[in-house]
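Listed below are the residues making up each chain.
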Amino acid sequence: MYQPEIETMDRERLERLQLERLKPLLKRVYERIPFYHASFDEAGFDPEGLETLDDLRKAPFTVKQDLRDNYPFGMFAVPRDEVVRIHASSGTTGTATVVGYTQADLDAWSDCFARAVGRAHGTKDSTMQVAYGYGLFTGGLGAHMGGERFGATVVPMSTGNTKRQVNLMRDFDVDILACTPSYAMHIADTALEMGIDPATDLKVSGMICGAEPMSDELRRELEQKMGAQLIDIYGLSEVMGPGVACECELQDGLHLAEDHFIAEIVDPDTFEPVPDGQWGELVITTLSKECSPLIRYRTRDITRILPGECACGCTHRRIDRIRGRTDDMLIIRGVNVFPRQVEEVITAFPEVSAWYQLVVSTRGDLDAVDLNVEVVPEFDFDTVREVESLQRRIRAALKGNLQIAVNVRVVEPKTIERAESKQKRVIDLRKRG
Amino acid sequence: MIDQLSVFMENEPGRLTELCRAIGDAGVNMHALTIADTTDFGIVRIICDAPEKAALALKSVGYSARSTKVMAVAVPNEPGGLAALMDVLKGAGVNVEYAYCFATPDQRAVFVMKTTGGSGVAEALAAAGFEALQPKDVYSPDEL
């Protein structure tokens, strides 16, 4: 463990620490951020009336649109001379959301990611290759700082130039790889094409992967190909970046960095808190952020609190792996569908790989769903009938699991585009009313 | 039985060109090629020299390819030649999944087929005077 005194702190002390940090925070955002002044007043929430952590539930939520409405610096709680870094979301679906960091914010973030390096069996002798994109996206620099903070040697590759990534991994004895799961798969496949077996010819023993949903099957396939354990890391740029929560080596849920964040799970329809163990939307309150603090931020990520203690010794509560996003959730002919459910179905078929693309469109008045999925090079076929039978069997499995009809089309290996940043699994061509 | 090279392929412009180039780059000569097509995909079936080597070469560049056992029979290159063969197969209760035909330079027609069902096919063919071809009769087999 990187910070055992914090990671194994007993619950009572931890919750006292949270309360000690939360009280001044509420006062500060109310005084310094006009948005919170207005929203607290409107909700009748008294920032100085907090007695227990549960009282936080009386505070209003913050949503992504609030960040957009206050573009670019309206949500900053410190003067500009204290801001040392800015990250921003891509803004593909609207105005970008901007997050600022003071030096103390970067330090806390570095610590959070450094805990992940420890959980991926990092040592000070480790060499960590960062193949997340560097730039406004938080993945690259977050991993970079965490690696350096931990004391590992960081190779700042960013994405792309995949053959070179493989060569340097071999030449530099890289033992930890940090990137998105889809890019890790692409690196492993590229190595194999180069005649390098990543499981035996490379020294990678740990991967720190996040920023994309990932099924258990995809994770196992990746772990097997790379011969390394994959640690799932969670974060979002609005809240900080990667490191908000992270798995331990037991891979049974992601430990929240509860010294820096308070997490709640709410029902995505009623926004009422749900009991531990029940799925809902993750809501986060930042405890130590100076520049861009957030109160009850609705992440749109669907997860649940895993009840009970973890055998690893870390006392910080765990969330389950992210099941989907409230806005990734496709509503197809009135049925809720998460792309990950599709992935879980198709990975049960050895004839096809985990590479797929789901295309949703409108035919007549109805939603139509087409699934393109790659066959593996070892696909054992001889007749048209066999291929059609495979398509039919996948279709039947999807129908059974998702309750919707999907038009399945198997395609040649390596024909679905590999993204270097975030894999685009779903293309929704439907016109919005 | 002989080996046929089967390749799974999407119906996309240029894909067959790339396939033929890949086979050529592997130094493999083709004797016959046929495509079974559906709306979305096709299966390309090829009789070529060293089919196992060709399948490995294609797999290494990302194709879904394999070699498959099929039956090859020489038929007289004359009117009614194939009909006589089909009579024998019908008599043996054989179902033909797919088939195609090509001629060799020595005026023999080679009938290639994938069959299911039936019994005593080889004996029935021999009794009717048909010759079931071996790999070396049709192409240069893989070197062991």
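Since the structure is predicted, the reported quantities are computational estimates derived from the model, not experimental observations.

Calculation criteria
Residue numbers restart at each chain and count upward from 1, following the sequence in its written direction. Chain A is the first chain written and ligand 1 is the first ligand written, with later ones labelled in order. Since the coordinates come from a predicted model, pLDDT governs what is reported: local features require at least 70, and pairs of side-chain atoms require 80 or more to be given and counted, while whole-chain, interface and lining totals use all residues. For side-chain calculations, the full set of non-hydrogen atoms in the structure is used, while hydrogens and water are omitted. Numbered from the N terminus, helices here are DSSP runs of H or I no shorter than four residues, and strands are runs of E no shorter than two. Radius of gyration: C-alpha atoms only; globule rule: 2.2 Å multiplied by the number of residues to the exponent 0.38. Exposed residues in this analysis have more than 50% of their type's maximum accessible area, buried residues have under 20%, and partly exposed residues fall in between, with area computed by a 1.4 Å probe over protein chains only. Contacts: residue pairs with any heavy atoms within 4.5 Å of one another. Charged residues are defined narrowly, with Lys and Arg counted positive, Asp and Glu counted negative, and His plus the chain ends left uncounted. Here the site of a charge means NZ on Lys, CZ on Arg, CG on Asp, or CD on Glu. Strands are labelled as partners when DSSP assigns at least two bridges between them. Note on method: axes are straight lines fitted to C-alpha atoms, helices fitted across the in-contact stretch only, with angles between N-to-C directions ranging 0 to 180 degrees. Defined in terms of a 1.4 Å probe, buried area is the accessible area two parts forfeit on being brought together, summed over both. Salt bridge criterion: a side-chain nitrogen from Lys or Arg within 4 Å of a carboxyl oxygen from Asp or Glu. Residue classes follow a fixed rule: Ala, Val, Leu, Ile, Met, Phe, Trp, Tyr, Cys and Pro count as nonpolar, while Asp, Glu, Lys and Arg count as charged, and any other residue, Gly among them, counts as polar. Only rings of Phe, Tyr and Trp enter the pairing, Trp through its six-membered ring, and a pair is recorded when the two centres are within 6.5 Å. The plane angle decides the type: under 30 degrees is stacked, over 60 is edge-to-face, the rest tilted. Whether a charge lies above a ring is judged from NZ of Lys or CZ of Arg, which has to be within 6 Å of the ring centre and within 35 degrees of the ring normal. Here the bounds of each domain stem from an automatic or database domain assignment. Residues adjacent in sequence count toward polar contacts only when both atoms are side-chain atoms; beyond that, a polar contact is any pair of N or O atoms within 3.5 Å, and within protein one must be able to donate a hydrogen and the other to accept it. Note that the term roughly parallel is reserved for angles under 35 degrees, roughly antiparallel for angles over 145, roughly perpendicular for angles of 65 to 115, and oblique for everything else. Helix crossings get a hand from a simple test, with the near helix turned counterclockwise from the far one by less than a right angle marking a left-handed crossing and a clockwise turn marking a right-handed one.

A separate point is the overall build of chain B. For chain B, the count of helices and strands is five helices and seven strands. Moving toward the C terminus, one meets the helices and strands of chain B in the order β-α-β-β-α-β-α-β-β-α-β-α. At 16 Å, chain B has a C-alpha radius of gyration in line with the 15 Å of a compact globule built from 144 residues. Per-residue burial over chain B gives 45% buried out of 144 residues. The long-range fraction of contacts in chain B, counting pairs at least 24 apart against all pairs at least 6 apart in sequence, stands at 67%. For chain B, the centre of its 11 positive side-chain charges and the centre of its 18 negative side-chain charges are spaced 3 Å apart.

Residues and elements named next belong to chain A. Across the sheet, four strands lie side by side as 20-19-18-21; this open sheet has mixed pairing. A strand with exactly one partner marks an edge of an open sheet, and here the two such strands are strand 20 (407–411) and strand 21 (426–428). Each neighbouring strand pair of the sheet contributes to a mean axis angle of 15°, computed without reference to strand direction. The pairing of strand 19 (residues 366–375) with strand 20 spans five bridges and is parallel. Within the sheet, the bridge partner assigned to L371 lies in strand 20 and is V408.

Here we come to the interface of chain B and chain A. With 24 residues of chain B at the interface, the matching set in chain A holds 19 residues. Both faces combined, the contact of chain B with chain A buries some 1900 Å², and carbon together with sulfur accounts for 52% of it. The largest per-residue losses of area from chain B upon contact with chain A belong to F8, E10 and R66 of chain B, which jointly make up 31% of the total buried on that side. For the pair chain B and chain A, the interface holds seven salt bridges. Residue E10 of chain B pairs with R409 of chain A through a salt bridge whose shortest N-O separation is 3.8 Å. Mapped onto the side of chain B that touches chain A, the elements with two or more residues apiece are strand 1 (2–10), strand 3 (41–48), strand 4 (64–76) and strand 5 (95–103) of chain B. Residues of the side of chain B that touches chain A, tallied by class, amount to nine nonpolar, six polar and nine charged.

What follows deals with the packing of aromatic side chains. The final tally for this structure, using the stated rule, is 13 aromatic pairs over all chains. Ring centres of F35 of chain A and Y36 of chain A lie 5.0 Å apart, and the angle between their planes is 65°; on these two criteria the pair is classed as edge-to-face. We classify F35 of chain A as buried; its relative accessible area is 16%. Seen from their ring centres, F379 of chain A and F381 of chain A are 5.2 Å apart, and the 25° between their planes marks the pair as stacked. By the burial criterion, F379 of chain A is buried, and F381 of chain A matches it. Here the aromatic residues Y30, F35, Y36, F40 and F45 of chain A are joined through ring pairs into a cluster of three or more. R296 of chain A extends its terminal NZ or CZ atom over the ring of F61 of chain A, reaching a point 4.3 Å from the ring centre. The ring of Y98 of chain B carries the charged tip of R45 of chain B above its face, separated from the ring centre by 3.5 Å.

Turning our attention to the sheet that holds strand 9 (residues 254–256) of chain A. Through backbone hydrogen bonds, the strands of a sheet pair up, either in parallel or in antiparallel fashion. All names here are of chain A. In spatial order, the strands read 4-3-5-6-7-8-9-14-13; together these nine strands make up an open sheet with mixed pairing. The open sheet has two free edges, formed respectively by strand 4 (153–156) and strand 13 (305–306), since each of these has just one partner strand. In this fold helix 5 (residues 103–119) packs onto strand 3 (127–130), strand 5 (176–179), strand 6 (206–210), strand 7 (229–236), strand 8 (241–247) and strand 9, with an angle of close to 35° to the strand it touches most, strand 8.

Turning to the domain arrangement of chain B, a few remarks are in order. Residue and element names in this part refer to chain B. By the assigned domains, chain B splits into domain 1 (2–68) and domain 2 (70–138). The gap between the C-alpha centroids of domain 1 and domain 2 is 23 Å. Taken together, the contact between domain 1 and domain 2 spans eight residues of the former and eleven residues of the latter. For the pair domain 1 and domain 2, the summed buried surface comes to about 920 Å²; carbon and sulfur atoms form 66% of the total. Where domain 1 packs against domain 2, one counts zero salt bridges. The interface formed by domain 1 and domain 2 contains three residue pairs in polar contact (both at pLDDT 80 or more). Those elements that provide at least two residues to the side of domain 1 that touches domain 2 are strand 1, strand 2 (30–37) and strand 3.

Another aspect to go through is the side chain of E247 of chain A. With respect to the helices and strands, E247 of chain A occurs in strand 8. Classification of E247 of chain A by relative accessible area gives buried; the value is 0%.

Residue and element names in this part refer to chain A. Two elements in contact, helix 11 (residues 339–346) and helix 12 (residues 384–402), have axes whose closest approach is 10 Å; the angle formed by their N-to-C orientations is 135°. Comparing their axes, helix 12 and helix 11 come out oblique. In this structure, the crossing between helix 11 and helix 12 has a hand that is right-handed. Contacts between helix 11 and helix 12 involve Q341, V342, V345 and I346 from the first element and I394, A397, L398, N401 and L402 from the second. Of the residues that constitute the contact of helix 11 with helix 12, the class distribution is seven nonpolar, two polar and no charged.

All names here are of chain A. In terms of domains, chain A is made up of domain 1 (1–327) and domain 2 (330–428). A separation of 30 Å is found between the C-alpha centroids of domain 1 and domain 2. Of the roughly 1600 Å² buried between domain 1 and domain 2 on both sides combined, carbon and sulfur atoms contribute 53%. The interface formed by domain 1 and domain 2 includes one salt bridge. K414 is the salt-bridge partner of E193, the closest N and O atoms lying 2.5 Å from each other. For the interface between domain 1 and domain 2, the tally reads two residue pairs in polar contact (both at pLDDT 80 or more). Counting residues per element, the ones that place at least two in the side of domain 1 that touches domain 2 are helix 8 (181–193), helix 10 (216–226) and strand 15 (324–325). When residues of the side of domain 1 that touches domain 2 are assigned to their parent elements, the largest contribution, six residues, is made by helix 8. Looking at side-chain class alone, the side of domain 1 that touches domain 2 contains eight nonpolar, nine polar and nine charged residues.

All names here are of chain A. Across the interface, helix 2 (residues 11–32) lies against helix 3 (residues 34–43) with an axial gap of 5 Å and an inter-helix angle of 110°. Between helix 2 and helix 3, the angle is such that the two are roughly perpendicular. Between helix 2 and helix 3, the contacting residues are L26, V29, Y30 and R32 on the first element and P34, Y36, H37, F40 and D41 on the second. Among the residues making up the contact of helix 2 with helix 3, the classes are represented as six nonpolar, one polar and two charged.

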